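As a plain string of letters, each chain reads:
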Amino acid sequence: MCTLYNIKVTPEDLLAAFDAEDSLRGAVTKDYVSPGGAGPVVGRRDGKRRLAVLRWGFPPPDGARAPVVNVRNYASPFWRATLADPRRRCLVPATEFSEWSARREGAKQVLHWFSIPSRPIFAFAGIWRPTETGPAFAFLTCEPNPLVGAIHPKAMPVILAEEDHDRWLGGTFEEACALATAYPSQLMAMA
């Protein structure tokens, strides 16, 4: 489960990469995002893409301690209503994301970083909603591709192709869920 990603670009680069309006106005002070931290997202309002800063992670359900940062069961009533509403979908910009190697007896876990060399800025398929502590977002995960799966066999973030950004932001529930597939591993790099 991805719990750390980088966004090592300027606000101007983000606005240009996603053809978005607004500015971050200094709301993001780090070049990485961890659960509970502020992260930029791109949504659609009044027919235009808008850049905003939200908190990563929905409040945890009863009995859980950590915020919910990844969405895996799209059919769950907890997520379905949010996913079905295009106004609640967003793009989550990133420059790379990390996964810890799987725990093996006696082996030390290692943090691995994944990027897309041909796309210095890419986007996860995200959703957002208001919470008692302000708007929060999470992003979808899916079965991993072979590159990510070799490190983290359970899941990887849903990375959208650039041509699918508008379909994610405005398509039907079925169209949006159809985009939740693993990004091709041959287009990715690991460090």
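Residues numbered from 1 in each chain as written. Predicted model: local features only at pLDDT ≥ 70, side-chain atom pairs only at ≥ 80, totals over all residues. Heavy atoms only, no water.

A. The overall build of the protein chain, seen in detail. Summing up its helical and strand segments, the protein chain has five helices and 13 strands in all. A compact globule built from 191 residues should have a C-alpha radius of gyration of about 16 Å, and the protein chain, at 16 Å, falls within 12% of that. For the protein chain, the spread of C-alpha atoms along the principal axes amounts to about 55 × 40 × 30 Å. Looking at the protein chain as a whole, 48% of its 191 residues qualify as buried. Total accessible area computed for the protein chain in this model is approximately 9,700 Å², and 53% of it derives from carbon and sulfur atoms. Looking at charge distribution, the protein chain has the averaged site of its 22 positive side-chain charges lying 5 Å from that of its 20 negative ones. (Helix = DSSP H or I, 4+ residues; strand = E, 2+ residues; numbered from the N terminus. Rg over C-alpha atoms; globule rule 2.2 N^0.38 Å. Buried < 20%, exposed > 50% of the residue type's maximum accessible area, 1.4 Å probe, protein only. Areas by Shrake-Rupley, 256 points an atom, 1.4 Å probe, with all protein chains shown as cover. Lys, Arg positive; Asp, Glu negative; His and termini not counted. Charge placed at Lys NZ, Arg CZ, Asp CG, Glu CD.)

B. Quick look at helix H2 (residues 77–84). Inspection of H2 places Trp79, Thr82 and Leu83 among the buried residues, and these make up the whole buried set. End-on view of H2: buried residues confined to an arc of 95°, all on one side of the axis. Across H2 from its buried face, at more than 90 degrees, point the exposed residues Pro77 and Ala81. Tucked inside the fold, the buried residues of H2 contact strand S5 (70–71), strand S6 (89–94), strand S9 (122–129), strand S10 (136–142), helix H4 (165–170) and helix H5 (173–178). (Arc of directions from axis to C-beta. Contact = heavy atoms within 4.5 Å.)

C. How the structure looks around unusual backbone geometry. The phi angle at Asp19 is positive, at roughly 45°, despite the residue not being glycine. Take Asp19: its relative accessible area is 64%, and that puts it in the exposed class. For Asp46, which is not glycine, the phi torsion reads 55° and is therefore positive. Topologically, Asp46 is positioned in the loop between strand S3 (38–45) and strand S4 (48–56).

That's the geometry; what it means functionally is another story.
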